[in-house]
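Notes for the structure review
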Amino acid sequence: MTENATDTVWLTQEAFDKLSAELAHLKGDGRIEVSTKIAQARDEGDLSENGGYHAAREEQGQMEARITQLEDMLRRAQVGEAPKTGEAAPGTQITVAYFDDEDDTDTFLLGSREVMGLDDSVDMQVFSPQSPLGAAVLGKKVGEQSSYEAPNGKTIEITVVKVETFQG
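This write-up is about the structure you can find in this document. (Residues numbered from 1 in each chain as written. Predicted model: local features only at pLDDT ≥ 70, side-chain atom pairs only at ≥ 80, totals over all residues. Heavy atoms only, no water.)

So, about helix α1 (residues 13-43). With 31 residues, α1 should reach 45 Å at 1.5 Å per residue; the first-to-last C-alpha distance of 44 Å fits that figure. Roughly 40° is the biggest bend found in α1, and it falls at glycine 30. What α1 keeps buried is the set Ala15, Leu19, Leu23, Leu26, Gly30, Val34, Ile38 and Ala41. (Helix = DSSP H or I, 4+ residues; strand = E, 2+ residues; numbered from the N terminus. Expected span 1.5 Å × (residues − 1). Bend = angle between axes of the 7 residues up to and from the residue. Buried < 20%, exposed > 50% of the residue type's maximum accessible area, 1.4 Å probe, protein only.)

Have a look at this one:
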């Protein structure tokens, strides 16, 4: 499989370090903690009616899923600034007009809130490059048009009005 823009995960050094530290914690102390919880709950006896045991196993499953997600993100990570090519790529802030109506626009970040290291204080919509809107704008430059299918089945036409590097 060849790498392309949708495979790359753009990360700042700070976001990369934060996600790497989370992965190290989960693979080390996190696994030890959840294993201890499972062992303690198992010692309580009958597992079929042991809520603590089932909760610990659920926590373990969620933690392992997060480990897999982090490993994948970090494997595909490109640390640094998103390319400044003037085209929509992960890590860029994009403004689109719907149906050529300059009064009906949306501005959003192409990427992932988590991957970009954004918290809830950053008030901006974020669309992944794999989403219908994200895929429609990916690689487009200012003035280019595209379309995508909305969840209701309707075709939405967009024009890229602005592309700039996100300054979070």
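Having seen the structure, we can now continue with the description.
Below, the discussion takes up the pattern of salt bridges. If charged atoms from side chains of opposite charge come close, those side chains can pair. Counted according to the given criterion, the structure contains six salt bridges. Between arginine 31 and glutamate 64 there is a salt bridge; the shortest N-O distance is 2.8 Å. Of this pair, arginine 31 sits in helix α1 while glutamate 64 sits in helix α2 (residues 51-75); the two residues are 33 residues apart in sequence, bridging distant segments of the chain. The class of arginine 31 is partly exposed, set by a relative accessible area of 30%. With a relative accessible area of 27%, glutamate 64 lands in the partly exposed category. Residues lysine 37 and glutamate 59 are paired through a salt bridge, measuring 3.0 Å at the closest nitrogen-oxygen approach. Separated by 22 residues along the polypeptide, lysine 37 in helix α1 and glutamate 59 in helix α2 bring together distant segments of the chain. Using a relative accessible area of 33% as the deciding quantity, one classes glutamate 59 as partly exposed. Beyond isolated ion pairs, a larger network of salt bridges with shared partners links Asp72, Arg75 and Arg76. (Salt bridge = Lys/Arg side-chain N within 4 Å of Asp/Glu carboxyl O.)

On to the packing of α1 against α2, then. At their nearest, the axes of α1 and α2 sit 9 Å apart, and the two run at 160° to each other. In terms of their interaxial angle, α1 and α2 are classed as roughly antiparallel. Viewed along their axes, α1 and α2 form a crossing whose handedness is left-handed. Grouping the constituent residues of the contact of α1 with α2 by class yields 14 nonpolar, four polar and 10 charged. (Axes fitted to C-alpha atoms, helices over the stretch in contact; angles between N-to-C directions. Parallel < 35°, antiparallel > 145°, perpendicular 65-115°, else oblique. Left-handed = near helix turned anticlockwise from the far one by under 90°. Nonpolar A, V, L, I, M, F, W, Y, C, P; charged D, E, K, R; others polar.)

This paragraph deals with the sheet that holds strand β4 (residues 101-110). Read from one edge of the open sheet, five strands run β5-β4-β3-β7-β6, paired in mixed fashion. Among the strands making up the open sheet, the edge pair consists of β5 (125-127) and β6 (145-149). The average undirected angle you get between the axes of adjacent strands in this sheet is 45°. Of the pairings in the sheet, the one linking strand β3 (residues 92-98) to strand β7 (residues 155-165) comprises seven bridges and is antiparallel in character. Among the inter-strand pairings, tyrosine 98 is bridged to a residue of β7, identified as isoleucine 158. (Pairing = 2+ DSSP bridges.)

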